[in-house]
Number of protein chains: 2
Amino acid sequence: MGSKATLKNIAGILEISISTVSRALKDHPDIAQETKRKVRELAELMDYEPNAFAVYLRTNESKVIGLIVPEISNYFYHSFVSALENEARKKGYTLLILQSGNDSAVEEANLRLCKLNRVACIFVALCSETRDLATFNRIGSSGIPIVFFDKVPEDNNCIKVCLADRDIGRLAARTIVGKGKKNVLAMFGNPNLSITRKRKQGLTEEIKKLTPFVNVSTVTANNSSEAKAILIEAMEKKEKPDTVFCMSDEILTGVIMGINKLGLKMPQDIAVIAISNGFIPKLTNPEITYIETSGAVLGKKAMQTFTEILEKGISKKLDVINSKLVEGGSI
Amino acid sequence: MGSKATLKNIAGILEISISTVSRALKDHPDIAQETKRKVRELAELMDYEPNAFAVYLRTNESKVIGLIVPEISNYFYHSFVSALENEARKKGYTLLILQSGNDSAVEEANLRLCKLNRVACIFVALCSETRDLATFNRIGSSGIPIVFFDKVPEDNNCIKVCLADRDIGRLAARTIVGKGKKNVLAMFGNPNLSITRKRKQGLTEEIKKLTPFVNVSTVTANNSSEAKAILIEAMEKKEKPDTVFCMSDEILTGVIMGINKLGLKMPQDIAVIAISNGFIPKLTNPEITYIETSGAVLGKKAMQTFTEILEKGISKKLDVINSKLVEGGSI
DNA sequence: AGTAAAATTGCAAAGGTTTGCGATAATGTT
DNA sequence: AACATTATCGCAAACCTTTGCAATTTTACT
């Protein structure tokens, strides 16, 4: 039956050409008002919607944006995703979400999938283990813009949107020193990531710069339970830390569990300061003092950057987002 | 330049026909080994990948799955999404994620977008306010299967994957009664949702059935801060509840904040039991006793259901997932 | 060698849309 | 009335792939 809603069928019924229908529907000036009216009415009636694939095929561009993250169900990313999706929808784009599960091979497969689907742009937060950016470069030079966010490569020859990680570290340092703390246990995530290195650098260097009397010992915790274990072990030594710094929500989660397990009180028994999205810090008593890294703000900024790429055709850029301290009572 | 990697170009270079190239690449038995070899080599070299749109257009089916939820950054959905994405990827599908932000109009727009993109299937968790399922039915009958999950319609003439909500309510009831509690403040979310009604029914009816001596007062909290406010107000009355039941993580979050604000101890000052995904309950001291509703399990099940639809072509079905009690020390 | 069967390849249409350009019809100008 | 404009519209190619069927070549068999 010829009842499928296509340009061809509409044209057939109205006994006019396909091109006229096509143009009528996009309000092309060449088409007579009367014709437009008839076409629009019938299209409405038939519930016509253009076949997206045909359009993509013809125009060779899709209104889809690729997003590749290690894990969506991460405290930080899901607010980023949420914001990005919102902004994208406003502009008529839709989001193709891929997880790479911290596996470079999957990450590469996802990248191919994006290319295959001719996405308009790819937003990427790198896997911790990714070292080789060849595939990214290849795709980037094939015409699909890539915007890195949060977990970005060191290389400056690309487009990055990230947090002012070093400043965040410094801000934490000043807060800690300001409260007169002397013995800091600073917990960080994957040391491969520039985000980790920068935060660590900011924190340690700023403390050193401010005072020689504060001792900082940095450790790596790969996940919540490691963080928990490390805290518990540290608190059993005689040289106990008086402050814990948590680089991420994931680590903070572990630390909270550890504190609860040991029945410690903040800030008397142990002070806590974290870098966080702001949700978890509100759940404790007292609330935890944290430096806010808003996934939502980052998401919005990322979309903005994409718009700029489209308009101005830039190919390298660094956007940095500032953060602020939110005081709880944990330090 | 003719260097774009398409079947046509490969065929041109090798001086064979497009169809031969196409078939060679899919290892069609009609094609000679030698030819296949040559084609594959060149395709590899040229970094050929089929144009997804052309394939979709031709075959009229895409390897994309639509997902419509009120909010991704919801405690429950993001684990669902994460699991679904994983399962989908295994089968070569990719996820198109749309948020409707609890707005029926946006929800409908998203639905259209899915149709427009000819997705293979749509997974939907309804907005609280959605009452009219006409659009869903229209799309459903247009050939795209729709699988409702979590927030599902009452109507049984569709495909649903959901939790054993009434049983969950009953399980909570038995736990509360078993602990000898007498005065329960039960907090629920949007009363429009069947999920809410069922949980409420399960809880209240089971308690009534078990004993006449327990008083349950049910209230509606639309978000975290309302939940917090309600708890605080309730604890200031002289007929204080001895137990709070939280229907969701969102409500639980508010309750925890309220408890912290008032400086209450669980379970002495107030006992808490919740329905939760399991993350937040681990953050308190003592940990909160909860009935686990795994987004991950639901996601996996949802994908399974889709596979069944594909294979057996069913059009109505109800899948129910059981839950279990996880004991913390909050009751 | 001649024919049948099998192996290999190509033709061409189809899928739905967009768009440059040419064709036709309507209107305006002298 | 003859010509120039302008307003409308249609033709046909292009985007890239898939696939039924026909055409061609090779191999097998008598």
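Residues numbered from 1 in each chain as written. Chains lettered and ligands numbered in written order. Predicted model: local features only at pLDDT ≥ 70, side-chain atom pairs only at ≥ 80, totals over all residues. Heavy atoms only, no water.

Q: Please explain the interface of chain A and chain B as it appears in this structure.
A: In many analyses, interface size is given as the accessible surface area lost on bringing the parts together. Contacts between the two partners involve 47 residues from chain A, matched on the other side by 47 residues from chain B. Summed over both sides, the interface between chain A and chain B buries roughly 4,500 Å², with carbon and sulfur atoms accounting for 56% of that surface. Of the charged contacts, one joins A:K115 and B:D47 as a salt bridge, the two residues approaching to 3.4 Å between their closest N and O atoms. Of all the secondary structure elements, the ones that give two or more residues to the side of chain A that touches chain B are helix 4 (52-59), helix 5 (77-90), strand 2 (94-99), helix 6 (104-116) and helix 11 (249-262) of chain A. Partitioning the side of chain A that touches chain B into residue classes produces 22 nonpolar, 15 polar and ten charged. Strand direction decides the pairing type here: strand 2 of chain A and strand 2 (residues 94-99) of chain B, joined by three bridges, are antiparallel. Counterpart to A:I97 in the pairing with strand 2 of chain B is B:L95. (Contact = heavy atoms within 4.5 Å. Buried area = accessible area lost by both parts, 1.4 Å probe. Salt bridge = Lys/Arg side-chain N within 4 Å of Asp/Glu carboxyl O. Helix = DSSP H or I, 4+ residues; strand = E, 2+ residues; numbered from the N terminus. Nonpolar A, V, L, I, M, F, W, Y, C, P; charged D, E, K, R; others polar. Pairing = 2+ DSSP bridges.)

Q: Is there a simple way to explain the protein's contact with DNA strand C in this structure?
A: Every one of the 27 residues lining DNA strand C counts as a neighbour, but A:L7, A:Y48, A:R58, B:T20 and B:R23 are closest to it. Sugar plus phosphate: this is where 54% of the atoms of DNA strand C within 4 Å of the protein reside. The separation between a phosphate oxygen of DNA strand C and a polar side-chain atom of A:Y48 is 2.4 Å. A distance of 3.0 Å is found between a phosphate oxygen of DNA strand C and a backbone nitrogen or oxygen belonging to B:A32. When residues of the surface near DNA strand C are traced back to their parent elements, those giving at least two are helix 1 (7-14), helix 2 (18-25) and helix 4 of chain A together with helix 2 (18-25) and helix 4 (52-59) of chain B. Examining the composition of the surface near DNA strand C, we find that four residues originate from one element, helix 2 of chain A, more than from any other. (Near = heavy atom within 4 Å. Polar contact = N/O pair within 3.5 Å; in protein donor to acceptor, adjacent residues only side chain to side chain.)

Q: Is there a simple way to think about the pattern of salt bridges in this case?
A: Two side chains carrying opposite charge are able to pair once their charged atoms lie near each other. Enumeration over the complete set of coordinates arrives at 38 salt bridges over all chains. Here A:K209 makes a salt bridge to A:E206, at a shortest N to O gap of 4.0 Å. One end of the pair is A:K209 and the other is A:E206, both in helix 9 (residues 194-210) and three residues apart, which spans about a single turn. Judged by relative accessible area, which is 7%, A:E206 ranks as buried. Taking the shortest distance from any N to any O, the salt bridge between B:E41 and B:R37 comes out at 3.2 Å. Residue B:E41 and its partner B:R37 are located together in helix 3 (residues 33-46), separated by four residues, close to a single helical turn. Owing to a relative accessible area of 40%, B:R37 belongs among the partly exposed residues under this scheme. In this structure, a network of salt bridges that share partners links the residues A:D167, A:R170, A:R174, A:E206 and A:K209. (Buried < 20%, exposed > 50% of the residue type's maximum accessible area, 1.4 Å probe, protein only.)

Q: Would you mind showing me how to read the environment of B:E292 here?
A: Residue and element names in this part refer to chain B. Mapped onto the secondary structure, E292 falls in strand 10 (residues 289-292). Sequence-wise, E292 and A221 are 71 residues apart; in three dimensions their C-alpha atoms are separated by 20 Å. Discounting residues that sit within four places of it in the chain, E292 has contacts with S276, N277, S323, K324 and V326.

Q: What am I meant to see in the protein's contact with DNA strand D here?
A: As a matter of local geometry, DNA strand D sits amid 26 residues, with A:T20, A:R23, B:L7, B:Y48 and B:R58 nearest to it. Sugar and phosphate atoms represent 59% of those atoms of DNA strand D found within 4 Å of the protein. Contacts to DNA strand D include B:L7, whose backbone N or O atom sits 2.6 Å from a phosphate oxygen. Among the elements of the structure, helix 2 and helix 4 of chain A together with helix 1 (7-14), helix 2 and helix 4 of chain B are those that each provide at least two residues to the surface near DNA strand D. Among the elements that make up the surface near DNA strand D, the one with the highest residue count is helix 2 of chain B (four residues). Of the residues that constitute the surface near DNA strand D, the class distribution is ten nonpolar, eight polar and eight charged.

Q: Is there a simple way to think about the pairing of strand 4 (residues 146-149) of chain B in this case?
A: If a strand is regular, its side chains alternate between the two faces of the sheet. Residues and elements named next belong to chain B. A two-sided burial pattern is seen for strand 4, the buried positions comprising I146 and F148 on one face and V147 and F149 on the other. Judged from the three bridges that link them, strand 3 (residues 121-124) and strand 4 form a sheet pairing that is parallel. Considered in strand 4, the bridge of V124 is made with F148. One crossover worth recording links strand 3 to the parallel strand 4 by way of helix 7 (residues 134-141), and it is right-handed. Direction of pairing for strand 4 relative to strand 5 (residues 159-163): parallel, over a ladder of three bridges. Within strand 5, the residue paired with F148 across the bridge is K160. (Right-handed = clockwise from strand over helix to strand, strands pointing away.)

Q: Hey, could you run me through the packing of helix 1 of chain A against helix 3 (residues 33-46) of chain A in this one?
A: Relative placement of two packed helices is described by the angle separating their axes and the distance separating the axes. All names here are of chain A. Two elements in contact, helix 1 and helix 3, have axes separated by 11 Å at closest approach and are oriented at 125 degrees. On the basis of their axis angle, the class for helix 1 and helix 3 is oblique. Between helix 1 and helix 3 the crossing geometry is right-handed. Between helix 1 and helix 3, the contacting residues are N9, I10, I13 and L14 on the first element and K38, V39, L42, A43 and M46 on the second. Here the contact of helix 1 with helix 3 is composed, by residue class, of seven nonpolar, one polar and one charged. (Axes fitted to C-alpha atoms, helices over the stretch in contact; angles between N-to-C directions. Parallel < 35°, antiparallel > 145°, perpendicular 65-115°, else oblique. Left-handed = near helix turned anticlockwise from the far one by under 90°.)

Q: Can you help me understand the domain arrangement of chain A in this one?
A: According to the domain assignment, chain A consists of domain 1 (7-49), domain 2 (59-162 + 296-321) and domain 3 (165-293). Here the C-alpha centre of domain 2 of chain A lies 38 Å away from the C-alpha centre of domain 1 of chain A. (Domains from an automatic or database assignment.)

Q: Quick question: what am I supposed to make of the sheet that holds strand 7 (residues 215-220) of chain A here?
A: In a beta sheet, neighbouring strands pair by backbone hydrogen bonds and run either parallel or antiparallel. All names here are of chain A. Within the open sheet, the six strands sit side by side as 7-6-8-9-10-12. Their pairing is mixed. Bordering the open sheet on either side are strand 7 and strand 12 (324-326), each of which pairs with just one other strand. On average, adjacent strands in this sheet sit at an angle of 20 degrees to one another, irrespective of strand direction. Examined bridge by bridge, strand 6 (residues 183-188) and strand 7 share six bridges and lie parallel to one another. Considered in strand 7, the bridge of A186 is made with T218. Sitting on the sheet, helix 9 touches strand 6, strand 7, strand 8 (243-246) and strand 9 (271-276), and the angle it makes with strand 6 is about 170 degrees.

Q: What should I look at first to understand the relation of the copies chain A and chain B in this one?
A: In summary, the two copies of the chain are related to each other by a rotation about an axis coupled with a shift along it. It takes a turn of 180 degrees to lay chain A on chain B, together with a shift of 0.0 Å along the axis; the resulting RMSD is 0.1 Å. Such a combination of rotation and displacement between the chain copies is what one expects of a two-fold axis. Most of the interface of chain A is mirrored in chain B: 100% of its interface residues are interface residues there too. (Least-squares fit on C-alpha atoms with pLDDT ≥ 70 in both.)

Q: Can you help me understand the sheet that holds strand 10 of chain B in this one?
A: Residue and element names in this part refer to chain B. Read from one edge to the other, the open sheet built from six strands follows the order 7-6-8-9-10-12, with strand pairing classed as mixed. The outermost strands of the open sheet, each flanked by one partner alone, are strand 7 (215-220) and strand 12 (324-326). Each strand of the sheet is rotated relative to its neighbour by a mean of 20 degrees, with strand direction disregarded. Along the sheet, helix 11 (residues 249-262) makes contact with strand 6 (183-188), strand 8 (243-246) and strand 9 (271-276), crossing strand 9 at roughly 155 degrees.

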